[in-house]
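# Descriptive structure summary
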Amino acid sequence: MKTSICIATLATLLLAACSSITTITSPHPGTTVAIREKQLTLPASEKLKGTSFGNYEFKAVETGFEPFYGILPLSFKGGHLAVDIIFFAPAAFFNLREVFPFYQIDVEKNVIRYRKTEQDEWQEYHPKAEESAHARVYFNEKNATAPTH
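My aim in this report is to walk through the structure given alongside it, one point at a time.

What follows concerns the overall build of the chain. When helices and strands are tallied, the chain shows 3 helices and 11 strands. The linear arrangement of helices and strands in the chain, starting from the amino end, is α-β-β-β-β-β-β-β-α-β-β-β-β-α. Sequence-distant contacts in the chain: of pairs separated by 6 or more residues, those separated by 24 or more amount to 54%. Carbon and sulfur atoms form 61% of the exposed surface of the chain, whose accessible area is close to 9,400 Å².

What follows is the structure, given as structure tokens:
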């Protein structure tokens, strides 16, 4: 009985650790962002799953500017890796990266800022040309296969 309770508790903790809440803002009102299948009007908070091998492609749109494409910078979960190695080594290949708790997308400057806490300084990231191209292809293909009404 105690063993099954421990297993259920551990499973619940592992599932809860698989996603994170992130808050995304913009210095300009009216910015919208698509992240995979989600369409958000900023500011917004969203739950996004951790990943080891995937990325979160985005397309940010703001009136008066070209769409801004890229891939969200992700945080490496070193503590998660250590726990996986100690308790369940095969899990070390899953959910090693997660979204940062705070992002700011600036379409005008083609920059994404991120930080772990509200007190931290913003870190700036300019998506590489190949990341922007990958995200553009992702959204163009998604739009091409979307059903029309």
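Turning next to the nonpolar core. Judged by nonpolar contacts, the single largest core of 20 residues is most densely connected at Val 33, Ile 35, Phe 58, Leu 72, Tyr 103 and Ile 105. Secondary-structure elements contributing two or more residues to this core are strand 2 (32-35), strand 4 (44-49), strand 5 (57-61), strand 9 (102-106) and strand 10 (111-115). Those residues within four positions of Tyr 103 in sequence are excluded, and the remaining contacts are Thr 22, Thr 23, Ile 24, Thr 25, Leu 72, Pro 73, Leu 74, Ile 112, Arg 113, Tyr 114 and Trp 122.

Take the packing of aromatic side chains next. Using the criterion set out here, one finds 5 aromatic pairs in the structure. Between the aromatic rings of Phe 100 and Tyr 103, the centroid separation amounts to 6.2 Å while the plane-to-plane angle is 85 degrees, which identifies the pairing as edge-to-face. Across the pair, exposure class does not vary: Phe 100 and Tyr 103 are buried alike. Arranged with centres 5.0 Å apart and planes meeting at 90 degrees, the rings of Tyr 138 and Phe 139 form a pair that is edge-to-face. Grouped by ring-pair contacts, the aromatic residues Tyr 69, Tyr 138 and Phe 139 constitute a single cluster. The ring of Tyr 56 carries the charged tip of Arg 36 above its face, separated from the ring centre by 4.3 Å. The side chain of Arg 115 reaches across the aromatic face of Trp 122, ending 3.9 Å from its centre.

Of the consecutive residues Leu 42 and Pro 43, the connecting peptide bond is found in the cis state with omega at 5 degrees. With a phi close to 50 degrees, Arg 36 is a non-glycine residue in the positive phi region. Given the relative accessible area of 28%, Arg 36 is considered partly exposed.

Inspection of the secondary structure assignment puts Ser 20 in strand 1 (residues 19-25). Assessed through its relative accessible area of 13%, Ser 20 is described here as buried. If we skip the residues at most four places from it in the chain, Ser 20 touches Glu 46, Lys 47, Leu 48, Glu 98 and Val 99.

A word on the sheet that holds strand 5. Taking strand neighbours across the sheet as the criterion, the 4 strands line up as 3-2-5-6 in an open arrangement whose pairing is antiparallel. Each of the sheet's edge strands pairs with one partner strand only, and the pair in question is strand 3 (38-41) and strand 6 (68-71). Taking the axes of each pair of neighbouring strands and ignoring which way they run, one obtains an average angle of 20 degrees across the sheet. Sheet topology note: the strand 2/strand 3 ladder contains 4 bridges and is antiparallel. Among the inter-strand pairings, Val 33 is bridged to a residue of strand 3, identified as Leu 40.

What follows covers the side chain of Thr 51. Among the secondary structure elements, Thr 51 is positioned in the loop between strand 4 and strand 5. At 2.8 Å, the side chain of Thr 51 forms a polar contact with the backbone nitrogen of Gly 54.

Conventions and cut-offs
- Residues numbered from 1 in each chain as written.
- Predicted model: local features only at pLDDT ≥ 70, side-chain atom pairs only at ≥ 80, totals over all residues.
- Heavy atoms only, no water.
- Helix = DSSP H or I, 4+ residues; strand = E, 2+ residues; numbered from the N terminus.
- Contact = heavy atoms within 4.5 Å.
- Areas by Shrake-Rupley, 256 points an atom, 1.4 Å probe, with all protein chains shown as cover.
- Core = buried A, V, L, I, M, F, W, Y, C linked by side-chain atoms within 4.5 Å.
- Buried < 20%, exposed > 50% of the residue type's maximum accessible area, 1.4 Å probe, protein only.
- Phe/Tyr/Trp six-rings, centres within 6.5 Å; stacked < 30°, edge-to-face > 60°.
- Lys NZ or Arg CZ within 6 Å of the ring centre and 35° of its normal.
- Pairing = 2+ DSSP bridges.
- Axes fitted to C-alpha atoms, helices over the stretch in contact; angles between N-to-C directions.
- Polar contact = N/O pair within 3.5 Å; in protein donor to acceptor, adjacent residues only side chain to side chain.

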